[in-house]
Amino acid sequence: MTLREQMMQLAQQAKLASRELARLKTDEKNRCLMAMAQALDQNTAAIRKANAVDVDGAAKSGLSSAMLDRLKLDDKRIAAMAQGLREVAALPDPVGRVLDERVRPNGLKLQKVSTPIGVVVIIYESRPNVTADAASLCFKSGNATILRGGKEALHSNQLIASTMIEAGRTTFSQFPRNAIQLVATTDRDAIRELLSLTQYVDLCMPRGGEGLIRAVAECSKVPVIKHYKGVCHVFVDRDANLKMAREIALNAKIQRPAVCNAMETLLLDKTIAAEFLPMLLPALEEKKVAFRGDPESCALLKKNGRDVRVATEEDWSTEYNDYVLNVRVVDGVGAAIDHINRYGSAHSDSIVTSNERHAQQFLQEVDSATVYWNASTRFTDGAEFGMGAEIGISTDKIGARGPMGLEELTTYKWIGYGSGQVRS
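Asks: Residue-level account of the overall build of the protein, with values.
Replies: Helix and strand counts for the protein stand at 15 helices and 16 strands. By the compact-globule yardstick of 22 Å for 424 residues, the protein fits well, its C-alpha radius of gyration being 24 Å. By residue count, 55% of the 424 residues in the protein fall in the buried class. At a minimum sequence separation of 6, the contacts of the protein that also span at least 24 residues come to 74%. When the accessible surface of the protein is totalled, it reaches about 18700 Å², and 48% of it is carbon and sulfur. Looking at the protein, you have 54 positive and 52 negative side-chain charges, and the mean spots of the two groups are 4 Å apart.

Have a look at this one:
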């Protein structure tokens, strides 16, 4: 078969599976999810072995240490994948909820009812846990999913997907055989072909670097929910508890720098910058963090014996996914807000302060999907939000925004109950 014929077959199979999924009862879906979770636990050694092949290949190709960390699966991360499936199973079924109800003067009863979207394509890089998260959320919300992971995680993704599919089939005889499908080819043209099939594919959600997401958005003929990049900020206000601010800033930057909710720019009020910045440096130095700064922060860093280069306009809007940090000294909360709204990516931003007026101004005026007061940006995550897992994080303004869980994977339809009404 040609590449287009292969993608056509996947999409047609998914469309049929989506109709079968729509008929499944909540307890049937949950039984399958629990069996999938158990299968992942039981298959931990094999998944680790497949992942080791991927990590070795990625290391030889020159992938950065931070990106290798995204790719790597250990017992703890595999257990977390399985737990994510159990948490999804425990959540309320998002399908069939009555969102609105009204009776018109003529007696016509109308209900707005949540329904599955249909066929969802997930395109992602590096992180093989996305395979389990995306498949489980789509399955619980009644959507057939086509998964297209990066070539660097091919062996991991294939084994995770096949483990889940086999567990579903073994547990439930009516398990739709093509509810979860993985694109086997690493040919980039497969994405373009798949996303041209508007008669079968209802939605695409890319997860990865800005280049991938822009390429997908530009070539797709089906709707795309985007998350271009995570240029996240922490602003330490003049009225901050500096000990708290230190813990938040370090967590936001160095716990896992290659994820989208990691801090890329630290903003410091000018009244506390000279005192606060040295409090961070030992921990940042341990991770060999490289600095980019405005003239004032450069002077402070050099005074404390650190190498730094002056940040360019491009630096302020760059998602590094690495041990690189922008630092800027600003004059008050208004200047911090202006910087974030100019250079940020509308992902996650935080203010650390004990001044409620400053905090409320920040929360109201920063135009991002998630805004925090006295908390790390690292909490922008489906599991941390109690969603069990996430399908992605949307920085769009129309439709879903922020972490996307089960409810964000549904649409709705209007149902009318009449007794012979006709319109005059």
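Moving on from the model shown.
Asks: Outline empty space enclosed by the protein, listing residues and values.
Replies: Counting across every chain of the model gives two cavities of 30 Å³ or more. Taken as a whole, the largest cavity encloses approximately 60 Å³ of empty space. Taken together, Met 205, Pro 206, Arg 207, Ile 225, Lys 226, His 227, Gly 392, Ile 393, Ser 394 and Met 404 make up the full set of residues lining the largest cavity. Looking at the lining of the largest cavity, the elements with two or more residues in it are strand S6 (203–207) and strand S14 (392–394). There is about 30 Å³ of room inside the second largest cavity. What lines the second largest cavity is simply Gly 149, Gly 150, Leu 154, Asn 157, Leu 182 and Val 183. The class makeup of the residues in the lining of the second largest cavity is three nonpolar, three polar and no charged.

Asks: Residue-level account of the packing of aromatic side chains, with values.
Replies: As enumerated under the stated definition, the model contains three aromatic pairs in all. Look at Phe 235 and Phe 362: their rings are 6.5 Å apart centre to centre, the planes differ by 20°, and that puts the pair in the stacked class. Linking Phe 235 in strand S7 (residues 232–236) with Phe 362 in helix H15 (residues 356–365), this pair joins segments that are 127 residues apart in sequence. In this structure, Phe 235 and Phe 362 share a single accessibility class: buried.

Asks: Pulling in residues and values, what's your account of the pattern of salt bridges?
Replies: Here the structure, examined in full by the defined rule, presents 23 salt bridges. Taken together, the shared-partner salt bridges connect Arg 4, Asp 189, Arg 192 and Glu 193 into one network.

Asks: Give me the sheet that holds strand S16 (residues 410–417): which residues, what numbers.
Replies: Each strand in a sheet pairs with another by means of backbone hydrogen bonds, the pair being arranged parallel or else antiparallel. Ordered by their spatial adjacency, three strands build an open sheet running S1-S2-S16, and the pairing between neighbours is antiparallel. Edge positions in the sheet fall to strand S1 (98–103) and S16, since each has one partner strand and no second. Strand-to-strand twist of the sheet, defined as the mean angle between neighbouring strand axes without regard to direction, takes the value 20°. As paired elements, S1 and strand S2 (residues 109–116) share five bridges and run antiparallel to each other. Within S2, the residue paired with Val 103 across the bridge is Lys 109.

Asks: Could you give an account of the sheet that holds strand S11 (residues 324–330), naming the residues involved and the relevant values?
Replies: Strand order in this open sheet of seven strands is S10-S9-S11-S8-S7-S12-S13, and the pairing throughout is parallel. Edge strands, defined here as strands with exactly one partner in the open sheet, are strand S10 (309–310) and strand S13 (370–373). This element, helix H11 (residues 273–286), spans S7, strand S8 (263–269), strand S9 (290–293) and S11 of the sheet and lies at about 150° to S8. Here H15 sits on the sheet and contacts S7, strand S12 (348–352) and S13; the angle it forms with S13, its principal contact strand, is near 175°.

Thresholds applied
Residues numbered from 1 in each chain as written. Predicted model: local features only at pLDDT ≥ 70, side-chain atom pairs only at ≥ 80, totals over all residues. Heavy atoms only, no water. Helix = DSSP H or I, 4+ residues; strand = E, 2+ residues; numbered from the N terminus. Rg over C-alpha atoms; globule rule 2.2 N^0.38 Å. Buried < 20%, exposed > 50% of the residue type's maximum accessible area, 1.4 Å probe, protein only. Contact = heavy atoms within 4.5 Å. Areas by Shrake-Rupley, 256 points an atom, 1.4 Å probe, with all protein chains shown as cover. Lys, Arg positive; Asp, Glu negative; His and termini not counted. Charge placed at Lys NZ, Arg CZ, Asp CG, Glu CD. 1 Å grid on protein atoms, 1.4 Å probe; cavity = no way out; pocket = protein on both sides within 12 Å on 5 of 7 lines; lining within 4 Å. Points joined across faces, edges and corners; volume = space filled by probe spheres on them. Nonpolar A, V, L, I, M, F, W, Y, C, P; charged D, E, K, R; others polar. Phe/Tyr/Trp six-rings, centres within 6.5 Å; stacked < 30°, edge-to-face > 60°. Salt bridge = Lys/Arg side-chain N within 4 Å of Asp/Glu carboxyl O. Pairing = 2+ DSSP bridges. Axes fitted to C-alpha atoms, helices over the stretch in contact; angles between N-to-C directions.

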